[in-house]
Amino acid sequence: MHKYQEQNSELTLKQGLEEFYSINSKFKELSEKEGKEGLFYQHDITHIVFGLNETFDHEHLLDSWTLWGTKLKWKKIYGYFKHPAIKEINKNLLKELGIWGLIKKIIIFIPFKLLVVSRALRMKKKWNYHEISEELLVRKLSDLRKEYNINVYIPK
C-alpha cells in the first residue's frame, strides 16, 4: 500500500499525486500532455482522494466512487471515453482478459462496488471532479477525507 492510500495520510493532495506519478509514469505523461484542465489530471486526482491505485480492480472501483461521490460534467466525461489512450487501454484489457474474463471480473466485483457506492452515499458532500484549486492541492489528504467523509477502501 502507498502512503496516499492510507486513510489518515499526512501527505498533501499534491504530494499524493506526485507519489502516484512516481509509480505510474505513463499516467503522468498523459496528464502533462493535457494539463490541469484535462480529464487525465482530474481522473488521477480522484485516485488520490479515494485512495485507489491504477490496477483494473481499483479503476473499476473508482468508476463507482466517481459516479456516486463526485460532481461531474457528463459531456466532458463522455469525451474521456473517446480519448485514443482510453480506447487503447480498453482494447488491450479486452485482449488480455477476453470478453468472458472481463464479464467474470465485473460480476465478482459487484459486492465491492456496492460497498464503495454506500461509502460514496455517506459522503458529506461530493468531490468536484473538474475544479481542483491550488488551495486543495496543499491540503492534507487526512483533512480532505474528514471534510468529505471519505473512507478509503482497499480490497484485499
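Residues numbered from 1 in each chain as written. Predicted model: local features only at pLDDT ≥ 70, side-chain atom pairs only at ≥ 80, totals over all residues. Heavy atoms only, no water.

Hey, could you run me through the overall build of the protein chain in this one?
Within the protein chain, the regular secondary structure consists of nine helices and two strands. Beginning at the N terminus, the succession of helices and strands in the protein chain can be written as α-α-α-α-β-α-α-α-β-α-α. Since a compact globule built from 156 residues should have a radius of gyration of about 15 Å, the 15 Å found for the protein chain is in line with a globular shape. Its C-alpha atoms give the protein chain principal-axis dimensions of about 40 × 35 × 30 Å. (Helix = DSSP H or I, 4+ residues; strand = E, 2+ residues; numbered from the N terminus. Rg over C-alpha atoms; globule rule 2.2 N^0.38 Å.)

How do you make sense of the packing of helix 5 (residues 74-82) against helix 6 (residues 84-108) when you look at a structure like this?
Two quantities define a packed helix pair, namely the angle between the helix axes and the distance between the axes. As a packed pair, helix 5 and helix 6 sit with axes 5 Å apart at the nearest point and diverge in direction by 55°. Relative to helix 6, the element helix 5 lies oblique. Contact residues: Tyr80, Phe81 and Lys82 in helix 5; Pro84, Ile86 and Lys87 in helix 6. (Axes fitted to C-alpha atoms, helices over the stretch in contact; angles between N-to-C directions. Parallel < 35°, antiparallel > 145°, perpendicular 65-115°, else oblique. Contact = heavy atoms within 4.5 Å.)

Looking at this structure, I do not really get a nonpolar patch on the surface. What am I missing?
There is a patch of nonpolar side chains on the surface, built from Leu94, Ile99, Trp100, Ile103, Ile107, Ile110 and Leu114 and spanning about 730 Å² of accessible area. Those elements that place two or more of their residues in the nonpolar patch are helix 6 and helix 7 (110-121). The leading source of residues in the nonpolar patch is helix 6, at five residues. Turning to its location among the elements, Leu94 is positioned in helix 6. (Patch = residues over 30% accessible without salt bridge, like charges linked within 9 Å, V, L, I, M, F, W, Y side chains within 5 Å. Areas by Shrake-Rupley, 256 points an atom, 1.4 Å probe, with all protein chains shown as cover. Salt bridge = Lys/Arg side-chain N within 4 Å of Asp/Glu carboxyl O.)

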